[in-house]
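Given next are the chains, with one letter for each unit.
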Amino acid sequence: MNQIIVVALICAASVQGPDCSRDTALDVITGPAHTLQECLIQGPVLAASSGFKGEDGAYVKTRCEVKH
């Protein structure tokens, strides 16, 4: 069975949305999700619980990855 992984990418404001990736992010936070809807909701929650406050214009981009 495939598992959905929530990936919260915290990227600098100078990085365009399409260019925000695991390689360009300031921080990468991951966690499990049961559904795609849960994944999309959990990204910002994970970032907030890690202490991210949106300082210096940084933003959170949520990705949902499938672990095989």
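Right, let's walk through the structure included here.

On to the pattern of salt bridges. One pass over the structure, following the stated rule, counts two salt bridges. For Glu65, the salt bridge identified is with Arg63, shortest N-O distance 3.8 Å. Judged by its relative accessible area of 35%, Arg63 is partly exposed. A network of salt bridges, in which partner residues are shared, links Arg22, Arg63 and Glu65.

On to the environment of Ser50, then. Turning to its location among the elements, Ser50 is positioned in the loop between helix 1 (36-49) and strand 3 (59-67). Here Ser50 falls in the partly exposed class, since its relative accessible area comes to 43%. A C-alpha to C-alpha distance of 8.2 Å links Ser50 and Ile29, two positions 21 residues apart in sequence.

Moving on, we come to the state of the cysteines. As enumerated under the stated definition, the model contains two disulfides in all. Disulfide partner of Cys11: Cys20, at an S-S distance of 1.9 Å. The disulfide joining Cys11 to Cys20 has a torsion of about 75 degrees about its S-S bond and is therefore right-handed. Taken as a pair, Cys11 and Cys20 share a single burial class, namely buried.

Procedures and definitions
- Residues numbered from 1 in each chain as written.
- Predicted model: local features only at pLDDT ≥ 70, side-chain atom pairs only at ≥ 80, totals over all residues.
- Heavy atoms only, no water.
- Salt bridge = Lys/Arg side-chain N within 4 Å of Asp/Glu carboxyl O.
- Buried < 20%, exposed > 50% of the residue type's maximum accessible area, 1.4 Å probe, protein only.
- Helix = DSSP H or I, 4+ residues; strand = E, 2+ residues; numbered from the N terminus.
- Disulfide = S-S within 2.5 Å.

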